[in-house]
Amino acid sequence: ESDEEEDESTKEKADANGDDDTAKATPAFDETEARRTLFLRNVPFDAKRHDVFELFRKFGRIEAAYLVKDRQTGVFKGTAFVRFEK
């Protein structure tokens, strides 16, 4: 079987499975990530990432802080995630 035929066969299988190169790839999940990540609720709507970093840095080095926003409006939803370094 030629390379072209093999590529077409692979593409047909991917299409049949719903796999598509244009779909977003799922990020790799570190097994410790769940233990290092906090979910925050009732965060003031005027809070900034810097505020979250300042509040939680006394508990360890922070890898990332994410403020959750509405996809359509871009308005902060009052929830956030803080992930600490390993």
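Figured I'd write up the structure that's included with this text. Per chain, the residues get numbers from 1 upward, laid out in the order the sequence is written. Totals for whole chains, interfaces and linings use every residue, but because this is a predicted model, local features are given only for residues with pLDDT of at least 70 and side-chain atom pairs only at 80 or more, for both listing and counting. Hydrogens are left out, water is left out, and the side-chain values use all remaining heavy atoms of the structure.

## Quick word on the overall build of the protein chain
Every helix listed is a DSSP run of H or I at least four residues long, and every strand listed is a run of E at least two residues long, numbered separately from the N terminus. Regarding its fold elements, the protein chain presents three helices and three strands. Reading the protein chain from its N terminus to its C terminus gives the helix and strand order α-α-β-α-β-β. The contact definition used throughout considers only heavy atoms, calling two residues in contact when any of these lie within 4.5 Å. Counting only contacts in the protein chain whose residues sit at least 6 apart along the sequence, the fraction spanning at least 24 positions is 46%. Every accessible area reported is derived by Shrake-Rupley at a probe size of 1.4 Å, with residue values counting cover from the shown protein chains alone. For the protein chain, the accessible area works out to roughly 7,600 Å², and carbon and sulfur atoms hold 49% of it.

## Notes on unusual backbone geometry
Phi angles above zero are rare outside glycine, and N42 is one such case at about 60°. Relative to the helices and strands, N42 is located in the loop between β1 (37–40) and α3 (49–56).

## Quick word on the pairing of strand β2 (residues 62–69)
In summary, the side chains of a regular strand alternate between the two faces of the sheet. Two strands make a pair as long as DSSP finds a minimum of two bridges between them. Judged from the six bridges that link them, β2 and strand β3 (residues 76–84) form a sheet pairing that is antiparallel. Across the sheet, residue L67 finds its bridge partner in β3, namely A80. Counting the residues that bridge the hairpin from β2 to β3 gives six residues, and of these G74 lies at a positive phi of roughly 75°.

## Looking at the pattern of salt bridges
Think of a salt bridge as a Lys or Arg side-chain nitrogen and an Asp or Glu carboxyl oxygen that are within 4 Å of each other. The tally for this structure, following the rule as stated, stands at five salt bridges. Between E63 and R36 there is a salt bridge, with the nearest N and O atoms lying 3.1 Å from each other. Placement of E63 in strand β2 and of R36 in helix α2 (residues 33–36) is noted, with a sequence separation of 27 residues between them. R36 gets classed as buried once you look at its relative accessible area, which sits at 12%. Per-residue accessibility, obtained with a 1.4 Å probe over protein chains only, is compared with the maximum for each type, and a residue is labelled buried under 20%, exposed over 50%, and partly exposed between these values.

## Overview of the packing of aromatic side chains
Within 6.5 Å between ring centres, the rings of Phe, Tyr and Trp (the latter by its six-membered ring) count as paired, and their orientation is classed by plane angle as stacked under 30 degrees, edge-to-face over 60, tilted in between. For the structure shown, the criterion picks out three aromatic pairs. Ring geometry for F56 against F59: centres 6.2 Å apart, planes inclined by 45°, an arrangement best described as tilted. Note on F56: relative accessible area 14%, which makes it buried. The exposure class of F59 is exposed, given its relative accessible area of 58%.

## Here's the deal with the sheet that holds β1
The strands that make up a sheet pair up through hydrogen bonds in the backbone, lying either parallel or antiparallel. Sheet architecture is open: three strands sit in the order β1-β3-β2, paired in antiparallel fashion. Of all strands in the sheet, those with a lone pairing partner are β1 and β2, marking the two edges. Neighbour-to-neighbour, the strand axes of this sheet turn through a mean angle of 15°, independent of strand direction. Where β1 and β3 come together, four bridges link them in antiparallel fashion. In the sheet register, T37 faces β3, and the bridge partner there is R83. Every axis in this analysis is a line fitted to C-alpha atoms, fitted for helices over the stretch in contact. Angles between the N-to-C directions lie between 0 and 180 degrees.

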